[in-house]
Amino acid sequence: MSGAGTNLQALLVACGDPAYGAQVVAVGADRDGIDGLRRAADERVPTFIERVADHPDRDAWDAALTDKVAAYAPDLVVLAGFMKLAGPLFLRRFAGRTVNTHPALSPSFPGMHGPRDALAYGVKITGATLFVVDEGVDSGPIVAQVAVPVAAGDDEHSLHERIKVGEHQMLVESVGRMVREGFTLDDRSVRFGT
Ligand code: GAR
């Protein structure tokens, strides 16, 4: 997690209900002083911070982050709002069980500015995508998508805020199903159930 942590917050709320069937075992971030860490601490979920700047290079950061996450033995790793590319070690260690969300309908508008790029292109429908992370940028196999119409007069902020409403619901529903039902990954096809 890198920022506001509203996707994390949606997961924390869902996990507060035992019927949801999943638990957040830890929350990690690449910086301190962010809302997401406070939200996790409020829920008494263990937190940790691993900053790139505290390591000699990106490979060392990758190794440290991988070890930190592995120590909590997660079944699923959710890069909710994590704005950095995970390193090769991390991707290998958690291959096929790391998911992320993107505020656009993949494969359209990958990268850091999904809502801005969708507006600039003039699309009438955009949305959010939950995907299994691979080595590309927002390019992994798609778990779920939600469509969000672009409204007349939308700016980047208003569009992103509306996308986030659908994104949170999609994330909570899909992560719950992945944990409760399991899932299979076959090339680019992701299916719930085993
Ligand atoms: C989310 O909309 C997420 O999809 C997006 O940043 C926001 C983080 O919000 N991620 C990307 O654009 C990555 N390509 P949050 O910190 O409130 O969860």
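Everything discussed here concerns the structure shown above.
Residues numbered from 1 in each chain as written. Predicted model: local features only at pLDDT ≥ 70, side-chain atom pairs only at ≥ 80, totals over all residues. Heavy atoms only, no water.

What about the overall build of the chain?
Thought 1: A count of helical and extended segments in the chain gives six helices and eight strands.
Thought 2: Reading the secondary structure of the chain in the N-to-C direction produces α-β-α-β-α-β-α-β-α-β-β-α-β-β.
Thought 3: Its C-alpha atoms give the chain a radius of gyration of 16 Å, within 12% of the compact-globule value 16 Å for 194 residues.
Thought 4: Taking the principal axes of its C-alpha atoms as reference, the chain extends roughly 45 × 40 × 35 Å.
Thought 5: Here the chain, with 194 residues, has 44% of them falling under the buried criterion.
Thought 6: Contacts in the chain between residues at least 24 apart in sequence constitute 55% of all its contacts with a sequence separation of at least 6.
Thought 7: Within the chain, the 26 negative side-chain charges are centred at a point lying 1 Å from the centre of the 19 positive side-chain charges. (Helix = DSSP H or I, 4+ residues; strand = E, 2+ residues; numbered from the N terminus. Rg over C-alpha atoms; globule rule 2.2 N^0.38 Å. Buried < 20%, exposed > 50% of the residue type's maximum accessible area, 1.4 Å probe, protein only. Contact = heavy atoms within 4.5 Å. Lys, Arg positive; Asp, Glu negative; His and termini not counted. Charge placed at Lys NZ, Arg CZ, Asp CG, Glu CD.)

So, the packing of helix H5 (residues 114–121) against helix H6 (residues 156–181)
Thought 1: Across the interface, H5 lies against H6 with an axial gap of 9 Å and an inter-helix angle of 120°. As H5 runs across H6, the sense of the crossing is right-handed. Within the contact between the two elements, H5 uses Pro115, Arg116 and Leu119 and H6 uses Glu156, Leu159, His160 and Ile163.
Thought 2: Looking at the contact of H5 with H6, its residues break down into four nonpolar, one polar and two charged. (Axes fitted to C-alpha atoms, helices over the stretch in contact; angles between N-to-C directions. Left-handed = near helix turned anticlockwise from the far one by under 90°. Nonpolar A, V, L, I, M, F, W, Y, C, P; charged D, E, K, R; others polar.)

What about the site of the ligand?
Thought 1: The full set close to the ligand counts 14 residues, and Gly5, Thr6, His160, Lys164 and Glu167 are the nearest of them.
Thought 2: Alanine 4 is positioned with one of its backbone polar atoms (N or O) 3.4 Å from an oxygen atom of the ligand.
Thought 3: At a separation of 2.8 Å, an oxygen atom of the ligand approaches a polar side-chain atom of lysine 164.
Thought 4: Within the residue set of the shell around the ligand, elements represented by two or more residues are helix H1 (6–15), strand E4 (98–102) and H6.
Thought 5: Split into classes, the residues belonging to the shell around the ligand amount to three nonpolar, eight polar and three charged. (Near = heavy atom within 4 Å. Polar contact = N/O pair within 3.5 Å; in protein donor to acceptor, adjacent residues only side chain to side chain.)

With respect to the pairing of strand E8 (residues 189–192)
Thought 1: Sheet topology note: the strand E7 (residues 183–186)/E8 ladder contains four bridges and is antiparallel. Bridge pairing in E8 places aspartate 186 opposite serine 189.
Thought 2: Connecting E7 to the next strand, E8, in antiparallel fashion are two residues, including aspartate 187 with a positive phi near 55°. (Pairing = 2+ DSSP bridges.)

With respect to helix H2 (residues 35–42)
Thought 1: Of all the residues in H2, the buried ones are Gly36, Leu37 and Ala40. Buried positions in H2, seen along its axis, are confined to an arc of 100° and lie on one side of it.
Thought 2: On its buried face, H2 sits against H1, strand E1 (27–29) and strand E2 (47–49).
Thought 3: Among the residues trailing H2, arginine 44 stands out with phi positive, at a value near 60°. (Arc of directions from axis to C-beta.)

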